[in-house]
Amino acid sequence: MWCRHKTYQRQSMFLVFFVFGLIIICIFVRLGYLMLFRADHFGAQAKELHERERRIKAERGLIMDRNGRLLAGNRSVSTISVIHSQIKEPEKVIDILSKELGIEEDTVRKKVEKVSLREKVRSNVDKETSDRIRNCKLAGVTVDEDYKRDYLYDSLASKVLGFTGSDNQGIIGLEVAYEKYLKGIDGSILTMTTAYGVEIENGAEDRVEPVGGWTLNTSLDLTIMEYADQVANTLSKKKQAKSVEIIVMNPKNGEIYAMVNAPEFNLNDPYTLLADSSGLSEKEKNNQLNAMWRNECVSDTYEPGSTFKILTTAAALETGVVKMSDTFHCPGYKMVEDRKIRCHKTTGHGSETFLEGIMNSCNPVFMEVGARVGVDNFFKEIQMFGALQRTGIDVPGEAVAIMHKKENVGAVELATMSFGQSFQLSPIRLLTCAASMINGGKSITPHFGVSVKSSDGKHVKRFAYKEGEQIVSKETSDLVREALGKVVSEGTGKNAGVEGYAVGAKTGTSQKLPRGNGKYIASTIGFAPVEDPQVIALVRIDEPQGLYYGGTVAAPGISALYTNILPYLLEGGDRE
């Protein structure tokens, strides 16, 4: 029995030593695994524990006009932050930051007392204020250099340029469309800290320098932009309109010189509504902000009215169903099935050629021409013109055409479509199509971006746009161009004329839905010179008060615009 007890003791001790040895082996295996295979991971964690990273904001790329004039730049500001573990005099920090930054003491106190690696108190602090805070030498308060977007002309082309948010990221317009070029690459400062997060005095620092964003060179022309803005605001006040839009473009290549959406907003204060916002809920305010930022030239659609007759004319000439010398009769209306559709001249134009019908903007003539073209060919031609597709313009939010389905188009729908009613296009889509009709018949892509250049000037990227496809014959384009020249010299577009220059134009008036509400859109498309168009423009007036005909209220806008910009563009100087 004693032997059995002794044997049992030996076995128990052996088991204890075996288990203990197994544990030791496991520990060494685990330690070896951690040292050999997880060294990088734990090294990174240790480094993270003893380092604090502070970002150095990259300077955002500049936006320039086509002549190298600055439209959007940057100004130096600072971001003020607090580091809880380093603050030695919390009450002093709270008092100074509250007074200098104009923030309630309770708000600053919450930031100071919050246990975190870093707490931002305020960004976009002007240089004078940040310098005063820096000079106070408050332990635990950091003043980091930053940049704030600076728009040199406040509201000029606000809905085209767009603006940036508090993080300096593009929100709308070109700022967001070209974000990847403009934003740059932030740098950083790595400082050594204790395990408690306190920066080690005289500790080594690693600094990674920021890389500035690329400069965006655009087709916008500051001089033309200012002229267009002046005309738009004058028309808006004179006609007490809801809005006025003007687009000025090179019809040969689609470069946009100006795009105005009056009223514009202040790019340096983009969150302040133009109208009184008192009493609005947060949701209502956000809805109004989105409406204020909306680029109506690109994102809205409307019935183009008689300006669309430019495309109907081209479609009819392309399909060979009409000649300029063909004769028609206008009694002041046309019966289409059981509907009596009137001409704007209710007493009628009498006998007239197709050319005269264009000059007179006669609806019965265009209804007859539309019927000759037919539904299939009408849709085929406007599809060829690109009217049913987006233009591909380089700003976000472009609207697509609102058009009947071909199978639902009968004689009445075709008649109204022929003179620009019962469907909708965006202003930029209409103007782009019109440009192709008078530039020799070639397609273009409207755009603002021309090139970008790196901050060190070593790299340049030029943007390429799809253009040059022959969508109407040169013969058709020449006939359309000459006819529109006669619209100004002898027809309904007289008010678009400019002394000393041959201007071509087509006016339009359309009633907003629902019919009979008394609200109209007056518009005119004009180009010059007629013999070789260098510029084309659209003036659109939404809900003008009083007289509302395009030839009466919008055509003078083309005249006022071209009186200034034609000498500038064609002769290289300003007209007094």
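Here the residue numbering is sequential within each chain, running from 1 through the sequence in written order. With pLDDT at 70 or above as the cut-off, local features in this predicted model cover only qualifying residues; side-chain atom pairs require 80 or more to be listed or tallied, and sums for whole chains, interfaces and linings still use all residues. Just so you know, side-chain values use all the structure's heavy atoms and leave hydrogens and water out.

Caption draft 1: View of unusual backbone geometry. Pro-514 follows Leu-513 through a cis peptide bond whose omega is -5°. In this description a helix means any DSSP run of H or I spanning at least four residues, a strand means any run of E spanning at least two, and both kinds are numbered starting from the N terminus. Tracing the sequence through the fold places Pro-514 in the loop between β17 (504-511) and β18 (520-528). A cis amide bond links Ala-528 to the next residue, Pro-529, at an omega of -15°. Its location among the elements puts Pro-529 in the loop between β18 and β19 (535-542). Despite not being glycine, Asp-154 shows a phi value in the positive range, around 55°. With respect to the element layout, Asp-154 can be found in the loop between β5 (141-151) and α6 (158-161). Unusually for a residue other than glycine, Ser-422 sits at a positive phi of about 75°. With a 1.4 Å probe rolled over the protein chains alone, any residue whose accessible area is under 20% of its type maximum counts as buried; one over 50% counts as exposed, and the rest are partly exposed. Accessibility expressed as a relative area gives 25% for Ser-422, which makes it partly exposed.

Caption draft 2: Highlighting the pattern of salt bridges. Here a salt bridge means any side-chain nitrogen of Lys or Arg lying within 4 Å of a carboxyl oxygen belonging to Asp or Glu. Scanning all chains against the criterion turns up 29 salt bridges. Across the pair Lys-99 and Asp-95 runs a salt bridge whose closest N-O atoms are separated by 3.4 Å. Of this pair, Lys-99 and Asp-95 are both found in helix α3 (residues 90-101), four residues apart, which corresponds to roughly one turn of the helix. Residue Asp-95 is classed as partly exposed on the basis of its relative accessible area of 30%. Measuring nitrogen to oxygen at the nearest pair gives 3.4 Å for the salt bridge that ties Lys-334 to Glu-368. You can see Lys-334 sitting in strand β12 (residues 333-336) and its partner Glu-368 sitting in helix α14 (residues 363-373), a full 34 residues away along the chain. On the basis of relative accessibility, which here comes to 23%, the residue Lys-334 falls in the partly exposed class.

Caption draft 3: Inspection of the nonpolar core at higher detail. Think of a nonpolar core as a cluster: buried Ala, Val, Leu, Ile, Met, Phe, Trp, Tyr and Cys residues, connected wherever their side-chain atoms sit within 4.5 Å. Counting residues in hydrophobic clusters, the biggest one holds 123 residues, and the most contacted among them are Ile-246, Val-248, Met-259 and Tyr-562. Among the elements that take part in this core, helix α19 (residues 550-571) stands out by supplying nine residues, more than any other. Leaving out residues up to four positions away in the same chain, Val-248 has contacts with Ile-224, Glu-255, Ile-256, Tyr-257, Ala-258, Val-535, Ile-536, Ala-537, Leu-561 and Ile-565. Formed by 17 residues, the second largest nonpolar core is a distinct cluster that contains Val-82, Ile-94, Ile-96 and Val-125. Whether two residues touch is decided by their heavy atoms; if any such pair falls within 4.5 Å, the residues are in contact.

Caption draft 4: Focus on the packing of helix α9 (residues 222-239) against α19. Lines fitted to the C-alpha atoms define the axes, with helices restricted to the stretch that makes contact. Angles between their N-to-C directions range from 0 to 180 degrees. Taken N-terminus to C-terminus, the directions of α9 and α19 make an angle of 160°; their axes are 10 Å apart at the nearest point. Overall, the two elements α9 and α19 adopt an arrangement that is roughly antiparallel. α9 and α19 meet at a crossing whose hand is right-handed. Contacts between α9 and α19 involve Thr-223, Ile-224, Tyr-227, Ala-228, Val-231, Leu-235 and Lys-239 from the former and Val-553, Gly-557, Ala-560, Leu-561, Asn-564, Ile-565, Tyr-568 and Leu-569 from the latter. Just so you know the grouping, Ala, Val, Leu, Ile, Met, Phe, Trp, Tyr, Cys and Pro go in nonpolar, Asp, Glu, Lys and Arg go in charged, and all remaining residues, Gly too, go in polar. Of the residues in the contact of α9 with α19, the class split is 11 nonpolar, three polar and one charged. To sort the angles, those under 35 degrees are grouped as roughly parallel, those over 145 as roughly antiparallel, those from 65 to 115 as roughly perpendicular, and the leftovers as oblique. In this scheme the crossing of two helices becomes right-handed for a clockwise turn of the near helix relative to the far one and left-handed for an anticlockwise turn of less than a right angle.

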